[in-house]
Amino acid sequence: SRQWRGVLREYADRLDVTDATPIVTLGEGGTPLIPAPALSARTGAQVYVKFEGMNPTGSFKDRGMTMAISKAVEHGAKAVICASTGNTSASAAAYAAHAGITAAVLVPEGKIAMGKLSQAIAHNGALIQVQGNFDDCLEIARALSAGYPVHLVNSVNNDRIEGQKTAAFEVVEVLQDAPDFHFLPVGNAGNYTAYSRGYREELDRGATTRLPRMFGFQASGSAPIVNGAPVLHPETIASAIRIGNPASWELALAAREATDGYFGAIDDDKILEAHRILSSEVGIFVEPASAISVAGLLERSEAGAVPAGATVVLTVTGHGLKDPQWALRGADGEDVKPTVVPVDVTEVAGVLGLEKSA
Ligand code: F0G
């Protein structure tokens, strides 16, 4: 057995990497595809969870960032810039630190999760809080990269999509075919586009017999693709996907068309319910945006859109430790308060409802 070498080396023959590409890697990719019997039991489908929280900075962004930063360095960039709801900024700062270049990150003021903010700061990103939303941040980042010597590493940069398509390769390697359905969260729709491209390439080279139907989900308060119009003031507790004007909108619509796919909107209370189910019944801890994949599956299954026995892959995009506050809220919306006891065995046994062994 050997150590996983990161997606650029593992998939060098399927990406634009040459001997001239300095490979900037933290060992991203190679994440587990975890069978989820509890979700299979609830839906009658064969459900697997692709746990992208297992990447080095705790989200799928690392797959795209290894590619984007490597290519940026290949082209001589000394500084990169991105707009972010948190995960992209954490990833960009980490990979830039590894490469010895500068990352400037623009985030909506007060609107990103604490774990992500601390990552960007720890990795020495030049963090700027913008008094606006993500869409405003992206506009500024695009303008800066057009007029100043900074290289844009948002998913409008095709290198990001290229790196992220490797997740589809990994799914196919495990299942030995494409699944029938692939469910995932949608913000800018970059990842939806990346998986669609990855699965398309697998079909074209004869590794699979079909394309999965791509099912993407937005939060109801931030659902421009579902509504068919930009959302000026996007709202949702799932801060990672609080995006009103997705950058890869057109590409995502084309991918939906090509795969007989679907875009749906999910209310925040359903996202949190799915978050609890995934944590407590499957044992996987994710941030709220990721739980929308689970919520989407439960909703589509109830609607009769997922046939019994279908193979389903859910991508969960970010680790729960990035934004843990939601776990501390019970199903009733009240904060969960762990019981406090004195230093006393009998007392603890009593609280746990344990009878003394005979
Ligand atoms: N899930 C998580 C945890 C994310 O951080 C994001 C995007 C998405 C899903 C949606 O992916 O944009 O490709 O459709 N986060 C970006 C960021 C916007 O700045 O970290 P998408």
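Residue numbers here run from 1 along each chain, matching the order of that chain's written sequence. Given that the model is predicted, a residue must reach a pLDDT of at least 70 before its local features are reported, and side-chain atom pairs must reach 80 or more before they are shown or counted; all residues, however, enter totals for whole chains, interfaces and linings.

### Comments concerning the packing of helix α8 (residues 166–175) against helix α9 (residues 190–204)
This is how it is decided: Lines fitted to C-alpha atoms define the axes, with helix axes restricted to the stretch in contact, and inter-axis angles between N-to-C directions lie between 0 and 180 degrees. What counts as a helix is a DSSP run of H or I of at least four residues, what counts as a strand is a run of E of at least two, and both are numbered from the N terminus. For this classification, under 35 degrees means roughly parallel, over 145 means roughly antiparallel, 65 to 115 means roughly perpendicular, and everything else is oblique. Handedness of a crossing follows from how the near helix is turned relative to the far one, being left-handed for an anticlockwise turn of less than a right angle and right-handed for a clockwise one. In this description, any two residues whose backbone-derived C-beta atoms lie within 7 Å of each other are considered to be in contact.
Running from N to C, α8 and α9 cross one another at 50°; their axes reach a closest spacing of 7 Å. If you check the angle between α8 and α9, you find them oblique. In the packing of α8 onto α9, the handedness of the crossing is right-handed. Residues T166, A167, A168, F169 and V172 of α8 form the contact with α9, whose participating residues are Y195, G198, Y199 and E202.

### Brief notes about the site of the ligand
Under the convention used in this document: Any residue whose backbone-placed C-beta atom lies within 6 Å of a molecule or strand is treated as near that molecule or strand. Residues are grouped as follows: Ala, Val, Leu, Ile, Met, Phe, Trp, Tyr, Cys and Pro are nonpolar; Asp, Glu, Lys and Arg are charged; every other residue, Gly included, is polar. Segment limits for the domains were obtained from an automatic or database-derived domain assignment.
Near the ligand lie 23 residues; those nearest to it are S84, G187, G190, T317 and G318. Elements with a contribution of two residues or more to the shell around the ligand: α4 (87–99), α9 and α13 (288–302). Among the elements that make up the shell around the ligand, the one with the highest residue count is α9 (three residues). A per-class count over the shell around the ligand returns seven nonpolar, 14 polar and two charged. Shared between two domains, the shell around the ligand takes at least three residues from each, and those domains are domain 1 (7–59 + 160–328) and domain 2 (61–157).

### What to know about the sheet that holds strand β4 (residues 102–108)
Hydrogen bonds between backbone groups are what pair the strands of a sheet, and the pairing can be parallel or antiparallel. The cut-off we apply is this: Should DSSP find at least two bridges between two strands, the strands are taken to pair.
With respect to topology, four strands assemble into an open sheet ordered β5-β4-β3-β6, the strand pairing being parallel. Edge strands, defined here as strands with exactly one partner in the open sheet, are β5 (126–130) and β6 (151–152).

### Some remarks on the environment of D62
Mapped onto the secondary structure, D62 falls in helix α3 (residues 61–74). In this structure the C-alpha to C-alpha distance between D62 and Q164, which are 102 residues apart in sequence, comes to 8.2 Å. When residues no more than four places from it in sequence are discounted, the contact partners of D62 are L26, E28, N55, P56, T57 and S91.

### Topic: the UniProt feature "modified residue: N6-(pyridoxal phosphate)lysine" (unreviewed entry) in the protein
For the record, the criterion: UniProt positions are given in the numbering used here, feature names are shortened, and annotations may be inferred rather than shown by experiment. Buried residues are those with 20 or more other C-beta atoms within 10 Å of their own C-beta, exposed residues have 12 or fewer, and partly exposed residues lie in between; C-beta atoms are placed from the backbone.
Those residues carrying the UniProt feature "modified residue: N6-(pyridoxal phosphate)lysine" (unreviewed entry) are K61 in this numbering. Tracing the chain through its elements places K61 in helix α3. In this structure K61 comes out as buried when scored by C-beta crowding, with 34 C-beta atoms within 10 Å. Not counting chain neighbours up to four residues away, the residues in contact with K61 comprise N87, T88 and S91.

### Let's talk about the environment of G261
Within the secondary structure layout, G261 lies in the loop between α11 (249–259) and β9 (262–266). A count of 20 C-beta atoms within 10 Å places G261 in the buried class. The spacing of G261 and G216 is 45 residues in sequence and 8.0 Å in space, taken between C-alpha atoms. When residues no more than four places from it in sequence are discounted, the contact partners of G261 are R213, M214, F215, A255 and R256.

### Notes on unusual backbone geometry
Positive phi is not limited to glycine here, since Q176 has a value of about 65°. Relative to the helices and strands, Q176 resides in the loop between α8 and β7 (181–185). The exposure class assigned to Q176 is exposed, which follows from the 8 C-beta atoms found within 10 Å.

### Focus: the environment of D268
The residue D268 is located in helix α12 (residues 268–282) in this model. Look at D268 and you get partly exposed, because 17 C-beta atoms sit within 10 Å. Distance from D268 to A219, taken between C-alpha atoms, is 6.7 Å for residues 49 residues apart in sequence. Excluding residues within four positions of it along the chain, D268 makes contact with A219, T236 and I237.

### Examining the pairing of β4
Note the cut-off: For the handedness criterion, the strands are oriented away from the viewer, and a crossover whose path from the first strand over the helix to the second runs clockwise is classed as right-handed.
Of all the seven residues making up β4, six are buried; the element is thus mostly covered by neighbouring parts of the structure. Where strand β3 (residues 79–83) and β4 come together, five bridges link them in parallel fashion. Counted as the bridge partner of C82 is V105 from β4. After leaving β3, the chain enters α4 and then returns to the sheet as β4, a path that is right-handed. The pairing of β4 with β5 spans five bridges and is classified as parallel. Looking at β5, one finds that A104 is bridged to A126. The β-α-β motif built from β4, the intervening helix α5 (residues 114–122) and the parallel element β5 has right-handed crossover chirality.

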